[in-house]
Every structure is written in structure tokens, then in C-alpha cells.
Amino acid sequence: MHVLSTLLPAVGLLAQLSAAKYSLKDDYGSTDSFFDKFNFFTDSDPTNGYVSYVDRDTASSGGLINASSSNGVYIGVDHSNTASKPGRQSVRLESTTTYTHGLVILDLAHMPGSVCGTWPAFWMLGSDWPNNGEIDIIEGVNGQSSNQMTLHTSSGCSISNSGFTGTLETADCYVDASGQSANAGCAIDNGNTQSFGSGFNDAGGGVYATEWTGSAINVWHFPSYSVPSDISSGNPVPSNWGTPAARFAGSCDINSHFKDLQIVFDITFCGDWAGDSSVWGQGSCASKADTCDSYVQNNPSAFEDTYWSVKSLKVYQESSQLDIDVGINIDVDLDLGHGKGHGDKSKSGKSGQSKSSKQSTRDTAPYVRPGPRPSTKHRRDHYRRGHGHGHVHA
Ligand SMILES: *[C@@H]1O[C@H](CO)[C@@H](O)[C@H](O)[C@H]1NC(C)=O
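Residues numbered from 1 in each chain as written. Predicted model: local features only at pLDDT ≥ 70, side-chain atom pairs only at ≥ 80, totals over all residues.

For the protein, an unreviewed UniProt entry supplies the name endo-1,3(4)-beta-glucanase and the organism Penicillium arizonense. For the record of the protein, the UniProt heading Sequence similarities (unreviewed entry) holds the text "Belongs to the glycosyl hydrolase 16 family." According to the UniProt record, the Subcellular location (unreviewed entry) comment for the protein reads "Cell membrane". (UniProt positions renumbered as here; feature names shortened; annotations may be inferred.)

Below is the structure:
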């Protein structure tokens, strides 16, 4: 009896704490020390962009980056000079810290606007691609109307078409999945024009929150005018935020497909996606120049709006300390009371609902077509190999 009386309150407490209580792990800040926390990638662009990734000194002296507590962190490109090979100057930042699980909250005043030739991304990348996974949180090209979120994995990971507000484009995260273009991964389009490019900026920017647990990877987008107060106050509670824009969960053991990922910001130009002739040929870009490269080379002022303005980047992790303490108490009680072994605390993920992946029939996003995209195969091929390469040098 005395065992039960101590056990019951403890169980209640554990249940409460297990509702993902997050505490701040890394605050990247909004001064120049932000850049101390990243490597500047300076190899040639793995995605074959018309870009020259420069080091920190060059970026700083050239006005491509700056930071101040009042204005936040500016990450831009050369918008003053005609470019020459290998391309327009830009930066690609890769966090020196790697993460497994967590809640990544990026508050942006501005992201690269919807400008022909641009291909910005905010994402997470592991070594030994694709075995450690990849999470693309913000990505798109040219005048793309809304944000695309994508995972890339080894075999055996696919997602269900439920639990999110976006539109499923492809369901299998495996980079060589049959029935999908090579390296397409599993992709969800936000569908909201305030989620990307100039539409995002016109809404005053906003927050991207990515929650990565053992059972799902969820991405929320909040325009600046509807950021949850628990985010603003630094006490984020994802269970209060409603349905995410993207939820990656289903027939996928997240823990065996994702670990040790770096946070990456980059802005490239043209290359395998933005510059693909069929992609460049869509919409209004083709009328500006014969090729993407020549447009980017000769029109520096077109890229004044091509920059990230970061108000904050914070990574939270579940405060497991209390969970563990309470969990140990319970285990001991159970052993005494019932002779049971230590409970397996791992939550069994949603098992095997592999709803057939419906392909989107949306026709509102000119640059993000459902199903195989002509450029995807090449884009992802080069992207991956290059990433592995770049990572070694990081
Ligand atoms: C940062 O650089 C941008 C682009 O060169 C410039 O417009 C902005 O005024 C700079 N901000 C600060 C605080 O120096």
C-alpha cells in the first residue's frame, strides 16, 4: 500500500513532464558572435550554382554579413558588382554544433525575396548522407509561391498523409525510392504564400519552428503577426500550436534515420534547380535573360532583397533531467512493488500506417510541381555528393 501511495503521484508528475518540456540549449544571439558558431563553407557549390561562397573576412569586408543587437543578423550576397566566375558572391553557413532531437526556432525579419535566379535554404544536414538524414526546413527557387519542406533518408522511411496543413508531394523519404524521381525524398508544400520569399517578407517575416522527436518531425510557420506568445517569451510548448504545416511521421523510425545534424543557411544562384532550363523557363524569369547565369551575373541590383535577416535562432531540447529523476523513482517503486523490470520508456512510434501517398494536384505553385520534377534528379544527386564533400572540410 505504501508503494502505491508514492507511485500514483509520481505517475501523474511524469505524465505532465513528458508533454515535451523544452529548455534553451543554444541561443545563437544577434551580434557578431552569431558567426562564431558557424563554419563558412568555401568549396565550389555542390549544387552547381553560379555562386562563389566566400569566407568570413571576405563576407564581412564586402558587406555580405553583419550583425548588431538592434538590427539582428544580416546574411546576404554581393548586390553591387557584376559577377565573374565561379559566380556571385554569397555565404553558406554550417553550424559547428550538431543536434539530435530538439526544437529549432528561427525568427526572421526577412528571407531572400522572390527573385529570379535565387535558391535559398535553411536546413539541417548530417554526415554520411543519407544515413544520418537531412531536414530541409525552408527551401525554394525563383518566384516559388510557397515553402517546400523535405526529408531525405536511407531506405525504410515514409510518411503518412495526415496531421499537417500543407500538401503532400512525395511520401517516401528514401532518396532512391521507386516511383519517385531520384533523391526527391518526402516533401510537403506549405501552400501559404506568406511562407516563402516576398510573401513571407510582406507579412513582416515570421517564425519557423521545427520539432524533432523520436516519433515525428514537425514544422510550423507563423507569420510575424501570429507568433505564439510562448515562443516570444522563450518557453515554447509545441502542443499549444495546433496543426503544423508539415508533419513527417508514419512508417519511419525517426531515431534510426536522423542524427547529428548541423544547421545550415545558404543562398545559391541558378544551378541544378533554379537554373535548370525548364525551371528557369517557367513563369517570368525566362523573359529577363537567356540564361539564369547571365541574369545573375549582370544584374547586381536585382539581389538587394536577397538576404536573411535573423532576429533569433534558438535551439531547445527536452529537459530530460526531471523526467529521468522521476522515472528512476517509479522504476524503483515498480521493482519493489511488483517485481517488474525497468519499464521501456521509449514510446513506440505510430506503427505502419502507410496510407497510399496521394500526389498533389495543386496547380498554384508554378515552380513546385507534384511528382517528378525534371531538375530533381540532377539537383539531388549533386547536392548530396557535394554535401558529403563539404562536410569533410567543415
Ligand atoms: C548590413 O549590411 C547591409 C547590406 O550591405 C546593409 O544594408 C545594412 O545597413 C548593414 N547593417 C548594419 C547594421 O551595418
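From this point on, the discussion continues.
Attention now goes to the overall build of the protein. Counting its secondary structure elements, the protein contains 10 helices and 20 strands. Counting all 394 residues of the protein, 48% fall into the buried class. Considering only residue pairs separated by 6 or more positions, the protein has 76% of its internal contacts joining residues 24 or more positions apart. (Helix = DSSP H or I, 4+ residues; strand = E, 2+ residues; numbered from the N terminus. Buried ≥ 20, exposed ≤ 12 C-beta atoms within 10 Å, placed from the backbone. Contact = placed C-beta atoms within 7 Å.)

Core analysis: the largest hydrophobic core is formed by 93 residues, its most contacted members being Ile-75, Val-91, Ile-105, Leu-106, Trp-123, Ile-137 and Ala-274. If sequence neighbours within four positions are ignored, Val-91 has contacts with Phe-40, Tyr-53, Val-54, Ala-59, Leu-64, Ile-65 and Ile-75. (Core = buried A, V, L, I, M, F, W, Y, C linked by C-beta atoms within 7 Å.)

Let us now look at unusual backbone geometry. Residue Pro-86 is bonded to the preceding Lys-85 through a cis peptide linkage, with omega at 5°. Looking at where Pro-86 falls in the secondary structure, it is placed in the loop between β5 (72-75) and β6 (88-90). The step from Trp-129 to Pro-130 runs through a cis peptide bond, and the omega angle for that step is 0°. One non-glycine residue, His-101, lies in positive phi territory at about 65°.

Attention now goes to the sheet that holds strand β14 (residues 186-189). As summarised here, the arrangement of the 8 strands in space is β2-β7-β19-β9-β10-β11-β14-β13, forming an open sheet in which the pairing is antiparallel. Every other strand in the sheet has two partners, leaving β2 (38-40) and β13 (167-170) as the edge strands with one partner each. Geometrically, the sheet is characterised by an average inter-axis angle of 20° between neighbouring strands, direction not taken into account. Summarising the sheet, strand β9 (residues 118-126) and strand β19 (residues 261-269) pair through 9 bridges and their orientation is antiparallel. Across the sheet, Leu-125 pairs through a bridge with Gln-262, a residue of β19. (Pairing = 2+ DSSP bridges. Axes fitted to C-alpha atoms, helices over the stretch in contact; angles between N-to-C directions.)

Examined bridge by bridge, strand β8 (residues 102-110) and strand β15 (residues 206-212) share 7 bridges and lie antiparallel to one another. In the sheet register, Leu-103 faces β15, and the bridge partner there is Glu-211. Note that β8 and strand β20 (residues 308-318) share 7 bridges and pair antiparallel. Each residue of the ladder has a partner; that of Leu-108, found in β20, is Val-310.

On to the site of the ligand. The environment of the ligand is made up of Gly-63, Asn-66, Ser-68, Asn-71, Tyr-74 and Gly-76. Tallied by class, the residues present in the shell around the ligand amount to 1 nonpolar, 5 polar and no charged. (Near = placed C-beta within 6 Å. Nonpolar A, V, L, I, M, F, W, Y, C, P; charged D, E, K, R; others polar.)

Our next topic: the confidence of the model for the protein. Detailed conclusions should not be drawn from predicted coordinates in areas where pLDDT is low. Scored by pLDDT, the protein comes out at a mean of 82, with 76% of its residues at no less than 70. The model gives residues 1-17 a pLDDT under 50, and that stretch makes 18 contacts with residues more than four places away or in other chains. For residues 321-394, every residue scores under 50 in pLDDT, and the model assigns this stretch 130 contacts once sequence neighbours within four places are set aside. (pLDDT = per-residue confidence, 0-100.)

Bringing the environment of Ala-209 into the picture now. Within the secondary structure, Ala-209 sits in strand β15. When the C-alpha atoms of Ala-209 and Phe-222 are compared, they prove to be 8.3 Å apart, with 13 residues separating the residues in sequence. The residues contacting Ala-209, other than those within four sequence positions of it, are Leu-103, Ile-105, Trp-220, Ile-231 and Pro-236.

Within the fold, His-152 resides in strand β11 (residues 148-152). Residue His-152 is classed as buried on the basis of its C-beta count, with 27 C-beta atoms lying within 10 Å. A C-alpha to C-alpha distance of 6.0 Å links His-152 and Tyr-174, two positions 22 residues apart in sequence. Residues within four places of His-152 in sequence aside, it is in contact with Pro-130, Gly-133, Glu-134, Cys-173, Val-175, Asn-183 and Gly-185.

Attention now moves to the environment of Cys-270. In this structure, Cys-270 sits in the loop between β19 and α6 (271-274). With 31 C-beta atoms packed within 10 Å, Cys-270 lands in the buried category. Considered as a pair, Cys-270 and Val-296 are 26 residues apart in the sequence and their alpha carbons are 8.0 Å apart. Sequence-distant contacts of Cys-270, that is, excluding residues within four places in its chain, are made with Gly-49, Tyr-50, Gly-117, Gly-275, Cys-292, Asp-293 and Val-296.

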